[in-house]
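# Chains, contacts and geometry: an overview
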Amino acid sequence: QVQLVESGGGLVQAGGSLRLSCAASGRTFSIYAMGWFRQAPGKEREFVTSITLSGGRAAYADSVKGRFTISRDNAKNTVYLQMNSLKPEDTAVYYCATGGRMIVAQGSVDYWGKGTLVTVSS
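Thresholds, definitions, all that
Residues numbered from 1 in each chain as written. Predicted model: local features only at pLDDT ≥ 70, side-chain atom pairs only at ≥ 80, totals over all residues. Heavy atoms only, no water. Helix = DSSP H or I, 4+ residues; strand = E, 2+ residues; numbered from the N terminus. Rg over C-alpha atoms; globule rule 2.2 N^0.38 Å. Buried < 20%, exposed > 50% of the residue type's maximum accessible area, 1.4 Å probe, protein only. Contact = heavy atoms within 4.5 Å. Areas by Shrake-Rupley, 256 points an atom, 1.4 Å probe, with all protein chains shown as cover. Lys, Arg positive; Asp, Glu negative; His and termini not counted. Charge placed at Lys NZ, Arg CZ, Asp CG, Glu CD. Polar contact = N/O pair within 3.5 Å; in protein donor to acceptor, adjacent residues only side chain to side chain.

## Points about the overall build of the protein chain
In terms of helices and strands, the protein chain carries 0 helices and 11 strands. In sequence order, the secondary structure elements of the protein chain are arranged as β-β-β-β-β-β-β-β-β-β-β. At 13 Å, the protein chain has a C-alpha radius of gyration in line with the 14 Å of a compact globule built from 122 residues. Along the longest, intermediate and shortest principal axes, the C-alpha atoms of the protein chain span 40 × 25 × 25 Å. When the 122 residues of the protein chain are sorted by exposure, 44% land in the buried category. Considering only contacts within the protein chain whose residues lie at least 6 apart along the sequence, 55% involve residues at least 24 apart. Carbon and sulfur atoms make up 48% of the accessible area of the protein chain, which amounts to about 6200 Å² in all. Charged side chains of the protein chain number 13 positive and 8 negative; the gap between the two group centres comes to 5 Å.

## Some points on the environment of lysine 65
Within the secondary structure layout, lysine 65 lies in the loop between β6 (58–60) and β7 (68–73). Engagement of the side chain of lysine 65 in a polar contact is seen with the side chain of aspartate 62, the distance being 3.0 Å.

## Side note on the environment of asparagine 74
As for its placement among the helices and strands, asparagine 74 is situated in the loop between β7 and β8 (78–83). A relative accessible area of 38% means that asparagine 74 is categorised as partly exposed. Linking asparagine 74 and alanine 14, residues 60 residues apart in sequence, is a C-alpha distance of 31 Å.

What follows is the structure, encoded as C-alpha cells:
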C-alpha cells in the first residue's frame, strides 16, 4: 500500500503562481510514476500531468502545457507541481496519484491522495 499526502493548495489571484507537493510513503518501491489530476466543481476528474520516477519523463494535458511543470525528488519520495500563469479555470481540487506504469488517465492510477484545493480568483 501507498499513502499520499498533498499540500500547497490555497487561494491565488489570476496570473499568479502556486506550488503543490505530494509526499508518498509506504511501499514506494512499487511506484513507477506519479502525477496530478484535478476535479473542478460539477466536472469529472481530469488528467493534468505525470512523471516517471526513474527517468523523469513527463506528460502534460494540453490545457496546462507551458504553464505547469512537474518535478520529482526521489530521495524524498515527493513530486511537485509548479503552477504559473494561473487562470480561474484552473480552480479545482488537485489529486496526487501513483501508478505502476506511466500515468495517462484514471485507469493508470493505483493510489490516490485526498486532494488539495486550488482556487484562482479573477
